[in-house]
Amino acid sequence: MRRLCTAAEAKFYFDAFFKSSSETTLRPNKNCNLTSWVSGCEPGWACSSGPNQQVDLENSQVIPARTHDCQPCCEGFFCPRGLTCMIPCPLGSHCPAAKLNNATGICEPYHYQLPPGQPNHTCGGANIWADVRSSSEVFCSAGLYCPTTTQEKPCSSGHYCRMGSTSEKRCFKLTSCNSSTSTQDLHAYGIMLIAATVTLLLIIYNCSDQVLTTRERRLAKTREAAARSARETANARQKWKTAKNAVKRHASGLQTQFSQTFSFKKSAKSSEELKILDERRFETDEELYAPMHTSASGESLSSSAPPKGQQMEPGNLMWMMHEIEDGPNSYERFDVGTHDRKSKGHTSKGKQPNTHSQIFRYAYAQLEKEKAMQQENKNLTFSGVVSMATNPEIRKKPLIEVSFKDLTLTLKGKDKHLLRCVTGKIKPGRITAVMGPSGAGKTTFISALAGKAIGCRITGLILINGKNESIRSYRKIIGYVPQDDIVHGNLTVEENLWFSAKCRLPAHLSKPDKVLVVERVIESFGLQMVRDSLVGTVEKRGISGGQRKRVNVGLEMVMEPSLLILDEPTSGLDSASSQLLLRALRHEALEGVNICMVLHQPSYALFKMFDDLVLLAKGGFTVYHGSAKKAEEYFAGLGIHVPERVNPPDHFIDVLEGIVTPSASSGVNYKELPVRWMLHNGYPVPPDLQKSSAQCAMPSANEGLANGTNPAHAGIEERSFAGELWQDVRSNVELQRDGIRHNFLKHKDLSGRRTPGILRQYRYFLGRVGKQRMREAKIQATDYLILLLAGACLGTLAKTSDENFGAVGYTYTIIAVSLLCKIAALRSFSLDKLQYWRESASGMSSLAYFLAKDTIDHFNTVIKPVVYLSMFFFFTNPRSSFAENYIVLLCLVYCVTGIAYALAIFFQPGPAQLWSVLLPVVLTLVATQTRDSEVLKKIANLCYPKWALEAFVIANAERYYGVWLITRCGALLKNGYNLHDWALCIIILILTGAVSRFIAFVGMITFQKK
């Protein structure tokens, strides 16, 4: 006890690690200094206190005097140079008595030598305990374990012993551990984990794809059977109707013969009876397409037949025909006629169709009835048409009439007119074509009507149904078809249409009715043959360009709009496809839909299908707005005649372009046409054109109009380069500001349509994104393969070091995993920005879209750490557990995925990929630098690699104890880590991922283009 170090001496020894650069050198003290240096001050030796001296081992303030009875240090203790006491060796160390090596003069197994000039001095015990680099000789050797500080035993077979072990650990099954092994070979478990992961992924992707394929095939068979059944039923009805008409004509002939025989009274009676019979026949015709309600007992509608009909043979015959006509549908236990396209949007109180077979039968039965009704409507008289138009059930959709007066759009910052003094209206139930030469402002005009014009100063009025209301208040019933075909290429035609219908049709509409809407659009656009084909992308060929264009229009048609605006829907289509599209739009117009479209020189056959024409000249002036049939008459009145065998719209546009000059006898210049239209309708002429209107000639003003400039500013002096640069900067800033303000404007919903809420749309988005990911299985497999190779390479090159607890390998891991996962996560939002902008502008939920994307990406967040660790962990074999490494890597992947979302939303794909590569490298370098200043330390705390690396190192360092304590404390203090901050690191990584996602979502709704 007299040779043991007190608390003060132990403190003096350990303080040297913080106050001296050398762990083996102690400062002079009471017992060992320049004037007093006894043999106990030498390494491996210790002295005792005086016999009458009381030593308090817990005293941490005073170092007692120890200069008596100096002897070698005992086994299991170490005696540092400069101290005359013994300190117990920690667990996991081996501190035997030293033996002199006469050849080298070193006291082995330690590294100190005997003091010179003292021949009687012998080797003592251990002399130092410090970090593993300075005192590795006291550490229990790898492959051996030390149950006590004086014993060292070899590991038996089937066990392994790491450096500094106090006991041997049993190797896992399927691993090879020979005797005296320091680590176990876990490669077999790595291979098993890879095989299990690959098998799981194959099951998920293949089975899911197989389930989807089988389901689609079964639906296709059910749909074909339903269509075939509906056609057969329609043909049977047509045959019975033909037979009924024949019987009717035969009955009329018999009546004529009877009238020649019987008296006038009986003839009048027969005529009255025949009139009643005809009324019953008319009622029967109506009931062919009226809703059928089958009762639970299976009673037919024949129970409602009038009894007196049984007294007349013709009546009995007609009633039998009525029963036979209803026969084909009598077996169906659901209502096949409850929904009409003009009905109130939901099936009747009869039993709802539930199975796919019933739903498809319902849909195709309705389609066949609609075809029959269309065929009958061709032969309607004028009174019949009026009756249809005034039928309250047919006029079901809310009508939207858009009128505009003196509509002028001026580009902000440049005072350039895009539209000027446009007045008129587009009416429901009519198709309006907007035409004109390039640069006439056609797209700007429809954008202004749709409420999508930004960066412009708008003057004039736009009235909705005669009221000064925002068009965006009706966006749920307004369809806008962009010029580009913005559709999802990795979805089929039917999936694209079906998703749009589910999200944009009324929420109360039943599934059979939604299926009917989609089937109607598919059939009207002639997409039956490609309904199950992928639309395709630039890299992967899909349907043809014309079919893709029809799908683009169909996305807006399936939501049954009241106002449909189309930007060049026939561009790129052949004549047949264009006519098919126009016929479908014509059918919509007959139901009251207001259709306005931009076209470039349509054929004469298409031109005849338009009701109204808006013809714009360069500079945004109106040249003509009225009935398309009267356009030639108006221009002929101005002396502009369409030559024979020339398409009228082609001739009008050639005149407006200045390519064709009107005849000299007409005295009309093409630049005068806008003013002549204003004078013709009595519209006010702008002040800068009044002089020209008086002269009907505008030489100077119209030059400015032809070039799209404002004549009022023709005399402005030319700006300097700096002035133009400043003007451009101001214009860009104003454009961005208007775009952000436009995205956050809220308008009261006046459409009267209640679409599905966020939760239901989230479910729809979840299903769609899941299908898209299934079809990207090869890309996902490539991501996993690259991660697997990265784990194998880094696990081989960066072995876990006991000196830094594997910090080097974990640093490489953070860089590699961050880089690869960020680049993969960019695809979630970079590839379908245009599709999102279109869907968001139509009223779909941005939050549901974002959450669905993030939810599906959680699958990769869970799987990718397993894929990487299956190589890296079993190659490096760290002391921390697989679960601890997985949790840290899981949080890291979650964090970097959120950062990738923000990069994908704020940058274009090229810059986003560059940032994804640079950020992990730069942030990791900043996080691993020696933090001497407070500023650098605060910057490092903002870097996510710092917290990920700290979590990895802490999880590994916790497994080092006993003899490793000094090494562990030194490494953690050097890097500024705290052993108790592992949970804090995990929380910060999760918070970083959540905050990044929030920033990404805000950026997505802020900078979207509508």
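Keep in mind the model is a prediction, meaning the values are calculated, not measured.

**Q** Mind laying out the overall build of the protein, listing which residues take part and the relevant values?
**A** Secondary structure summary: the protein contains 29 helices and 20 strands in total. A total of 1010 residues make up the protein; the buried ones form 48% of that total. Contacts spanning at least 24 positions in sequence make up 72% of the contacts within the protein whose residues lie at least 6 apart. Here the protein displays about 49,100 Å² of accessible surface, and carbon together with sulfur accounts for 57% of that area.

**Q** Please provide a residue-by-residue account of the pairing of strand S20 (residues 621-627), values included.
**A** Judged by how many residues are buried, S20 sits mostly within the fold: 6 of 7 residues are covered. By the bridge criterion, 6 bridges tie strand S19 (residues 612-617) to S20 in an arrangement that is antiparallel. Counterpart to Leu615 in the pairing with S20 is Tyr624.

**Q** Any chance you could break down the pattern of salt bridges for me, citing the residues and the numbers?
**A** Overall, the coordinates contain 25 salt bridges when judged by the stated rule. Of the charged contacts, one joins Asp611 and Arg586 as a salt bridge, the two residues approaching to 3.1 Å between their closest N and O atoms. Taken together, the residues span a long stretch of sequence, with Asp611 in the loop between helix H12 (604-607) and S19 and Arg586 in helix H11 (residues 575-590) at a distance of 25 residues. Given the relative accessible area of 16%, Asp611 is considered buried. A salt bridge links Glu934 to Lys937, with the nearest nitrogen and oxygen atoms 3.8 Å apart. Placement of both Glu934 and Lys937 in helix H26 (residues 934-941) is noted, with a separation of 3 residues, approximately one turn of the helix. Residue classification places Lys937 among the partly exposed positions, given a relative accessible area of 34%.

**Q** Give a description of the environment of Lys442 that names residues and reports values.
**A** Tracing the backbone through its elements, the reader meets Lys442 in helix H7 (residues 442-450). On the accessibility criterion, Lys442 (6% relative accessible area) is buried. A C-alpha to C-alpha distance of 9.3 Å links Lys442 and Leu418, two positions 24 residues apart in sequence. When residues no more than four places from it in sequence are discounted, the contact partners of Lys442 are Val434, Met435, Gly436, Pro437, Val598, Leu599, His600 and Leu616.

**Q** Describe the sheet that holds strand S18 (residues 594-598), with residues and values.
**A** Spatially, 6 strands are ordered S16-S17-S18-S14-S19-S20 in an open sheet, and the strand pairing comes out mixed. Two strands lie at the open edges of the sheet, namely strand S16 (478-481) and S20, each paired on one side alone. In this sheet, neighbouring strand axes are inclined to one another by 10° on average, regardless of whether the strands run parallel or antiparallel. With 5 bridges joining them, strand S17 (residues 563-567) and S18 adopt parallel strand pairing. Across the sheet, residue Ile565 finds its bridge partner in S18, namely Cys596. Across the face of the sheet, helix H14 (residues 648-657) comes into contact with strand S14 (431-435), S19 and S20 while running at roughly 20° to S19.

**Q** Any details on the sheet that holds strand S5 (residues 99-101)? Residues and values, ideally.
**A** Taken together, the 3 strands give an open sheet; going across it, the order is S5-S6-S7, and neighbouring strands pair in antiparallel fashion. Two strands in the sheet have a free side with no partner beyond their single neighbour: S5 and strand S7 (112-113). As paired strands, S5 and strand S6 (residues 106-108) are joined by 3 bridges and run antiparallel to one another. In the sheet register, Leu100 faces S6, and the bridge partner there is Cys107.

**Q** Which residues make up the packing of helix H21 (residues 807-830) against helix H27 (residues 944-957), and what values go with them?
**A** At a closest axis distance of 10 Å, the pairing of H21 and H27 adopts a crossing angle of 135°. The angle between H21 and H27 places the two elements in the oblique class. You can see that H21 and H27 cross each other, and the crossing is right-handed. Two secondary-structure elements touch here, H21 through Ala807, Tyr810, Thr811, Ile814, Ser818 and Lys822 and H27 through Tyr944, Pro945, Ala948, Leu949, Phe952, Val953 and Asn956. Taken together, the residues of the contact of H21 with H27 break down into 9 nonpolar, 3 polar and 1 charged.

**Q** Go over the packing of helix H24 (residues 882-906) against H27, please, and point to the residues and values.
**A** In contact at an axis separation of 9 Å, H24 and H27 are set at 175° when each is read in the N-to-C sense. Put simply, H24 runs roughly antiparallel to H27. Each of Glu884, Asn885, Val888, Leu889, Leu892, Cys895, Val896 and Ile899 in H24 lies in contact with H27, whose residues at this interface are Tyr944, Ala948, Ala951, Phe952 and Ala955. Split into classes, the residues belonging to the contact of H24 with H27 amount to 11 nonpolar, 1 polar and 1 charged.

**Q** Account for a nonpolar patch on the surface, naming residues and giving values.
**A** A contiguous nonpolar patch, built from Phe906, Phe907, Trp915, Val995, Phe998, Ile999, Val1002 and Phe1007 and spanning about 730 Å² of accessible area, is present on the exposed surface. In terms of residues, the nonpolar patch owes the most to one element, helix H29 (residues 982-1006), which gives 4 residues. Mapped onto the secondary structure, Val1002 falls in helix H29.

**Q** Report on the nonpolar core, specifying residues and quantitative values.
**A** Among the nonpolar cores identified, the biggest contains 107 residues, and Phe829, Phe850, Tyr868, Leu892 and Met1004 are the most heavily contacted of them. The element contributing the most residues to this core is H24, with 15 residues. Residue contacts for Tyr868: discarding those within four places in its chain leaves Leu787, Ala790, Gly791, Leu794, Thr813, Val817 and Leu889. Leu573, Leu582, Ala628 and Ile640 belong to the second-largest nonpolar core, a separate cluster that totals 58 residues.

**Q** If you had to explain the packing of aromatic side chains to someone new, which residues and values would you point to?
**A** Summed over the entire model, instances satisfying the criterion amount to 30 aromatic pairs. Note on Tyr810 and Phe952: the rings are 4.5 Å apart at their centroids and 5° apart in plane angle, and the pair reads as stacked. Placement of Tyr810 in helix H21 and of Phe952 in helix H27 is noted, with a sequence separation of 142 residues between them. Relative accessible area serves as the criterion here: at 2%, Tyr810 is assigned to the buried category.

**Q** Any chance you could break down unusual backbone geometry for me, citing the residues and the numbers?
**A** Look at the link from Glu108 to Pro109: it is a cis peptide, with omega at 5°. In this structure, Pro109 sits in the loop between S6 and S7. Unusually for a residue other than glycine, Ser180 sits at a positive phi of about 60°. Inspection of the secondary structure assignment puts Ser180 in the loop between strand S11 (169-170) and helix H2 (187-259). Accessibility expressed as a relative area gives 41% for Ser180, which makes it partly exposed. Here the phi dihedral of Glu568 falls at roughly 50°; this positive angle occurs in a residue that is not glycine. Looking at the element boundaries, Glu568 is found in the loop between S17 and H11.

**Q** I'd like a description of the confidence of the model for the protein, backed by residues and values.
**A** Across the protein, pLDDT averages 79, with 80% of residues at or above 70. Mean pLDDT across the elements of the protein bottoms out in helix H17 (residues 699-706) (39) and peaks in H24 (95). Within the model, pLDDT remains below 50 along residues 263-350, and this stretch shows 119 contacts once partners closer than five positions in the same chain are excluded. The low-confidence segment residues 697-716, where pLDDT is below 50, has 31 contacts with residues more than four positions distant or belonging to other chains.

Rules used in this analysis
- Residues numbered from 1 in each chain as written.
- Predicted model: local features only at pLDDT ≥ 70, side-chain atom pairs only at ≥ 80, totals over all residues.
- Heavy atoms only, no water.
- Helix = DSSP H or I, 4+ residues; strand = E, 2+ residues; numbered from the N terminus.
- Buried < 20%, exposed > 50% of the residue type's maximum accessible area, 1.4 Å probe, protein only.
- Contact = heavy atoms within 4.5 Å.
- Areas by Shrake-Rupley, 256 points an atom, 1.4 Å probe, with all protein chains shown as cover.
- Pairing = 2+ DSSP bridges.
- Salt bridge = Lys/Arg side-chain N within 4 Å of Asp/Glu carboxyl O.
- Axes fitted to C-alpha atoms, helices over the stretch in contact; angles between N-to-C directions.
- Parallel < 35°, antiparallel > 145°, perpendicular 65-115°, else oblique.
- Left-handed = near helix turned anticlockwise from the far one by under 90°.
- Nonpolar A, V, L, I, M, F, W, Y, C, P; charged D, E, K, R; others polar.
- Patch = residues over 30% accessible without salt bridge, like charges linked within 9 Å, V, L, I, M, F, W, Y side chains within 5 Å.
- Core = buried A, V, L, I, M, F, W, Y, C linked by side-chain atoms within 4.5 Å.
- Phe/Tyr/Trp six-rings, centres within 6.5 Å; stacked < 30°, edge-to-face > 60°.
- pLDDT = per-residue confidence, 0-100.

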